[in-house]
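Structural overview
These are the residues of each chain, in order.
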Amino acid sequence: MDLTSSQHNRLHNEQKRKSERQAGEKEDEQIVTEIMRRRFFPDVITYKAWEGFHFAGHEIRITEATDCYGAVVWPSALVLCYFLETNSKQYNLVDKNVIEIGAGTGLVSIVASLLGALVTATDLPELLGNLQHNVLQNTKLKCKHQPCVKELSWGIDLEKKFPRASCHFDYIMAADVVYHHPFLDELLLTFDHLCKNDTVIMWAMKFRLDKENQFVDRFQTLFDLEVISNFPSLNITLYKAMRKGRMKVRPSKLPI
Ligand SMILES: C[S@@+](CC[C@H](N)C(=O)[O-])C[C@H]1O[C@@H](n2cnc3c(N)ncnc32)[C@H](O)[C@@H]1O
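Below you will find a few notes about this structure. Small disclaimer: the values here were computed from a predicted structure and weren't measured.

Take unusual backbone geometry next. The phi angle at Ala56 is positive, at roughly 50°, despite the residue not being glycine. As for its position among the elements, Ala56 is in the loop between β2 (50-55) and β3 (58-63). Phi is positive for Leu141, close to 65°, though the residue is something other than glycine. Positionally, Leu141 belongs in the loop between α4 (128-139) and β6 (148-151).

Once that is clear, we can look at the environment of Pro182. Mapped onto the fold, Pro182 is located in the loop between β7 (171-175) and α6 (184-194). Owing to 6 C-beta atoms within 10 Å, Pro182 belongs among the exposed residues under this scheme. Remark: the alpha-carbon pair of Pro182 and Cys81, spanning 101 residues in sequence, is separated by 27 Å.

Looking now at the sheet that holds strand β5 (residues 118-123). Taken in spatial order, the 7 strands make up an open sheet running β6-β5-β4-β7-β8-β10-β9, and their pairing is mixed. This sheet does not close on itself; its edge strands, each paired only once, are β6 and β9 (223-231). Recorded for the sheet is a direction-independent mean angle of 20° between the axes of neighbouring strands. Summarising the sheet, strand β8 (residues 200-206) and strand β10 (residues 236-243) pair through 6 bridges and their orientation is antiparallel. Residue pairing across strands places Trp203 opposite Tyr239, the latter belonging to β10. Here helix α3 (residues 107-114) sits on the sheet in contact with β4 (97-101), β5 and β7, set at roughly 175° to β5. Packed onto the sheet, α4 meets β5 and β6 and runs at close to 170° relative to β6.

All right, on to the nonpolar core then. Note that soluble globular proteins tend to have their nonpolar side chains buried in a common cluster. Grouped together as the largest cluster of nonpolar side chains are 67 residues, with contacts concentrated most on Leu80, Val111 and Ile172. Examining the composition of this core, we find that 7 residues originate from one element, helix α2 (residues 75-86), more than from any other. With near-sequence residues (within four places) excluded, Ile172 lies in contact with Ile99, Ile101, Phe191, Leu194, Cys195, Thr199 and Ile201.

We now examine the environment of Ser76. Tracing the sequence through the fold places Ser76 in helix α2. You can call Ser76 buried: it has 24 C-beta atoms within 10 Å. The spatial distance from the C-alpha of Ser76 to the C-alpha of Asp176 is 5.7 Å, given a sequence separation of 100 residues.

Attention shifts here to the packing of α2 against α3. In a pair of packed helices, the angle between the axes and the distance between the axes together describe the arrangement. Look at α2 against α3: their axes get within 9 Å of each other, and the N-to-C directions meet at 10°. The pairing of α2 with α3 is recorded here as roughly parallel in orientation. Only Leu107, Val108, Val111 and Ala112 of α3 make contact with α2, whose side of the interface consists of Ala77, Leu80, Cys81, Leu84 and Glu85.

Calculation criteria
- Residue positions are given per chain, counted from 1 along the sequence in the order it is written.
- Given that this is a predicted model, residues contribute local features only at a pLDDT of at least 70 and side-chain atom pairs are listed and counted only at 80 or more, while totals for whole chains, interfaces and linings are drawn from all residues.
- Numbered from the N terminus, helices here are DSSP runs of H or I no shorter than four residues, and strands are runs of E no shorter than two.
- Buried residues are those with 20 or more other C-beta atoms within 10 Å of their own C-beta, exposed residues have 12 or fewer, and partly exposed residues lie in between; C-beta atoms are placed from the backbone.
- DSSP bridges decide pairing: two strands pair if at least two such bridges lie between them.
- Note on geometry: axes are C-alpha line fits, over the in-contact stretch for helices, and angles between N-to-C directions span 0 to 180 degrees.
- Residue pairs qualify as contacts under a 7 Å threshold applied to their C-beta atoms, which are placed from the backbone.
- Linking buried Ala, Val, Leu, Ile, Met, Phe, Trp, Tyr and Cys residues through C-beta atoms within 7 Å yields a set, and such a set is a nonpolar core.
- Here the word oblique covers every angle except those under 35 degrees (roughly parallel), over 145 (roughly antiparallel) and from 65 to 115 (roughly perpendicular).

As structure tokens, then:
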């Protein structure tokens, strides 16, 4: 039976979509394998548990903490570190002012520092001891700018600790900060407080439950979002965001 031209077109488009989807899945699988290859574990059991990573030409050792969420390095952090390393020309961090919120064990802050940024790694007070230890151990005498570690509990004392008039960040980094916790309003408030007109937000979002995933819609009331990488096999999307109406400005062209 001969196909009409519209049936032929439909079939062609379906086949095209299928092969694009398959290519996308293959790319996802290949890059995720490459990202996960950056992680290694100690050969012997040590007194303090640690995980190792290879980024920015360095071996990075991360000591795990006892707190449940800040205890380990989450896959979103690896996705963000891999992106920063492999796109360091387009997103040149040398001498840029970077703040990481919800830094946990500190991998993203460490990698940004090794890439030349002036970094402030932040988290809840109870996480700061281990965060400081990891940051210091992996950046001392290895970085252009020594990073600092500071308390930032979302939504609390923002103006006192990070005054709008004197704080300017070129980048805000956030990996896996949206999950089942009661501080999503405060998280949005924090992005809003720290983000200037020329600040770029690099946010790795792990999609879990619908209720928390809706945060993306609320985020978009204040910021324009662009997907820069997507890993369906990990349920992680890496976004770049800027204040509404500012997205056309390329990061390398920002007046910094
Ligand atoms: C899932 S962990 C991600 C840690 C790290 N970014 C990573 O990807 O490995 C979430 C982080 O957000 C921090 N966090 C949770 N609630 C917070 C709050 N109200 N204020 C500041 N940080 C918070 C936790 O302490 C934890 O370090």
